[in-house]
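Here's the letter readout for the chains.
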Amino acid sequence: MPLRREMGVWLAALPKPVGITCWGLFEARQLSELCLEQGLMIPEDVAILAIGSDRLLGAVVPPTLSQIELPAKRQGFMAAEMLDALMR
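Residues numbered from 1 in each chain as written. Predicted model: local features only at pLDDT ≥ 70, side-chain atom pairs only at ≥ 80, totals over all residues. Heavy atoms only, no water.

K.L.:
Could you give an account of the pairing of strand 1 (residues 18–22), with specific residues and numbers?
P.N.:
Here strand 1 shows a buried face lined by Val-18, Ile-20 and Cys-22 and an unburied face lined by Gly-19 and Thr-21. As paired elements, strand 1 and strand 2 (residues 46–51) share five bridges and run parallel to each other. The residue bridging Thr-21 from the neighbouring strand is Leu-49, located in strand 2. Viewed along the sheet, the connection from strand 1 through helix 2 (residues 25–37) into strand 2 turns out right-handed. (Buried < 20%, exposed > 50% of the residue type's maximum accessible area, 1.4 Å probe, protein only. Helix = DSSP H or I, 4+ residues; strand = E, 2+ residues; numbered from the N terminus. Pairing = 2+ DSSP bridges. Right-handed = clockwise from strand over helix to strand, strands pointing away.)

In structure tokens, the structure reads:
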């Protein structure tokens, strides 16, 4: 796993404390596992913020991860309204 090893080196080299935003909860979970492997404490050394929401997965597997919930349904309706207006 060369990429994981490289990410571990990158993570260890970052100034602490540091905050990292991940695109999804799966990626945030992988990052949290890597932090624990490196002996880094969450959130004291590395604060992880996941974009997206899965309250169950975010809460049941320690450490609990902070999440930004995107209003995807609302954004879809807004896009449809804009498309409708453009087509008229």
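K.L.:
Account for the sheet that holds strand 3 (residues 66–68), naming residues and giving values.
P.N.:
Taken in spatial order, the three strands make up an open sheet running 1-2-3, and their pairing is parallel. The open sheet has two edge strands, strand 1 and strand 3, and neither has a second partner. Here the average twist between neighbouring strands, direction ignored, is 25°. Sheet topology places strand 2 next to strand 3; three bridges connect them, and they run parallel. Along strand 3, the bridge assignment pairs Leu-49 with Ser-66. The sheet strands contacting helix 2 are strand 1, strand 2 and strand 3, and the helix crosses strand 2 at an angle near 165°. (Axes fitted to C-alpha atoms, helices over the stretch in contact; angles between N-to-C directions. Contact = heavy atoms within 4.5 Å.)

K.L.:
Kindly report on unusual backbone geometry, identifying the contributing residues and their values.
P.N.:
At the junction of Lys-16 and Pro-17, the peptide bond is cis and its omega measures out at 0° in the coordinates. Inspection of the secondary structure puts Pro-17 in the loop between helix 1 (2–13) and strand 1. Of the consecutive residues Ile-42 and Pro-43, the connecting peptide bond is found in the cis state with omega at 0°. In this structure, Pro-43 sits in the loop between helix 2 and strand 2.

Honestly, that's just the spatial picture; any functional story needs more than this.
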